[in-house]
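# Observations on the model geometry
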Amino acid sequence: MVSFGLVCLIVLILIVIVIFYAGILLDFINPSALQVQLLGVHITLFGVIVLLAFEGSSGYGFTIGLIGLFTGMFGSFREPQRA
């Protein structure tokens, strides 16, 4: 059974990711490629922590890790800023 704290953490990380991508798509924020890659690394590490810390929630940790991996790859393929 999934604990209440784990559900809150998963919902929080999903809300942060949705707000991040919405901010990029609506041009509210303009992070550099390195900042997006670092966010992806942090989310991937969070997925690993969930995977290792909570028994029976390996699917949640793996999914969060994949979201972080895709976020980091998105940062790698961003176009450089023009002057």
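Look up: the structure comes first, before these words.
Since this is a predicted model, take the numbers as computed values, not measurements. (Residues numbered from 1 in each chain as written. Predicted model: local features only at pLDDT ≥ 70, side-chain atom pairs only at ≥ 80, totals over all residues. Heavy atoms only, no water.)

### What to know about the overall build of the chain
Under the convention used in this document: Comment: elements are numbered from the N terminus, with helices defined as DSSP H or I runs of at least four residues and strands as E runs of at least two. When accessible area is computed with a 1.4 Å probe and restricted to protein chains, residues below 20% of their type maximum are described as buried, those above 50% as exposed, and intermediate ones as partly exposed. Contacts: residue pairs with any heavy atoms within 4.5 Å of one another. Calculation of accessible area relied on Shrake-Rupley with a 1.4 Å probe; when residues are assessed, cover is drawn exclusively from the protein chains displayed.
Each helix and strand in the chain was counted, giving three helices and zero strands. Listing every helix and strand of the chain by position from the N terminus yields α-α-α. When its C-alpha atoms are laid out on the principal axes, the chain stretches across 50 × 20 × 15 Å. Considering the chain as a whole, with its 83 residues, one finds that 27% of them fall into the buried category. Relative to all contacts within the chain whose residues are 6 or more apart in sequence, the contacts with residues 24 or more apart total 70%. For the chain, the accessible area works out to roughly 6000 Å², and carbon and sulfur atoms hold 74% of it.

### Considering the packing of helix 1 (residues 4-25) against helix 2 (residues 33-53)
We apply this condition: Only the stretch in contact is used when a helix axis is fitted, and all axes are lines through C-alpha atoms; the angle between N-to-C directions ranges over 0 to 180 degrees. Any angle from 65 to 115 degrees is called roughly perpendicular, while one under 35 is roughly parallel, one over 145 is roughly antiparallel, and all others are oblique. A crossing counts as left-handed when the near helix is turned anticlockwise from the far one by less than a right angle, and as right-handed when that turn is clockwise. Only Asp, Glu, Lys and Arg are considered charged, only Ala, Val, Leu, Ile, Met, Phe, Trp, Tyr, Cys and Pro nonpolar, and every remaining residue, Gly among them, polar.
Interaxial distance between helix 1 and helix 2 falls to 12 Å at its minimum, and their mutual angle equals 165°. Classified by the interaxial angle, the pair formed by helix 1 and helix 2 is roughly antiparallel. Taken as a pair, helix 1 and helix 2 cross one another with a handedness that is left-handed. Packed against helix 1, whose contacting residues are Leu6, Leu9, Ile13, Ile17 and Phe20, the element helix 2 presents Val36, Leu39, Ile43, Phe46 and Val50 at the interface. Looking at side-chain class alone, the contact of helix 1 with helix 2 contains ten nonpolar, no polar and no charged residues.

### Here's the deal with helix 1
Using the following cut-off: Here the expected span of a helix is defined as 1.5 Å times the quantity of residues minus one. What the arc covers is the set of directions going from the helix axis to the C-beta atoms.
An ideal rise of 1.5 Å per residue puts 32 Å on 22 residues; helix 1 measures up with 32 Å between its terminal C-alpha atoms. Every buried residue belonging to helix 1 is among Leu6, Ile10, Ile13, Ile17, Phe20, Gly23 and Ile24, and all of these are buried. Looking down the long axis of helix 1, one finds its buried residues gathered within 165° of arc, a one-sided arrangement. Seen from the buried face of helix 1, the exposed residues on the opposite side, beyond 90 degrees, are Phe4, Leu12, Val18, Ile19 and Leu25.

### Let's talk about unusual backbone geometry
Phi at aspartate 27 is positive, roughly 60°, even though this residue is not glycine. Summarising the element assignment, aspartate 27 is placed in the loop between helix 1 and helix 2. Given the relative accessible area of 66%, aspartate 27 is considered exposed.

### Details of a nonpolar patch on the surface
Filter applied, for reference: Only residues whose relative accessible area exceeds 30% and that form no salt bridge are eligible for patches; like-charged ones are grouped when within 9 Å, while nonpolar side chains (Val, Leu, Ile, Met, Phe, Trp, Tyr) are grouped when within 5 Å. Salt bridge criterion: a side-chain nitrogen from Lys or Arg within 4 Å of a carboxyl oxygen from Asp or Glu.
Together, Val7, Val11, Ile15 and Ile19 line one region of the surface with nonpolar side chains, adding up to about 340 Å² of accessible area. Within the secondary structure, valine 11 is located in helix 1.

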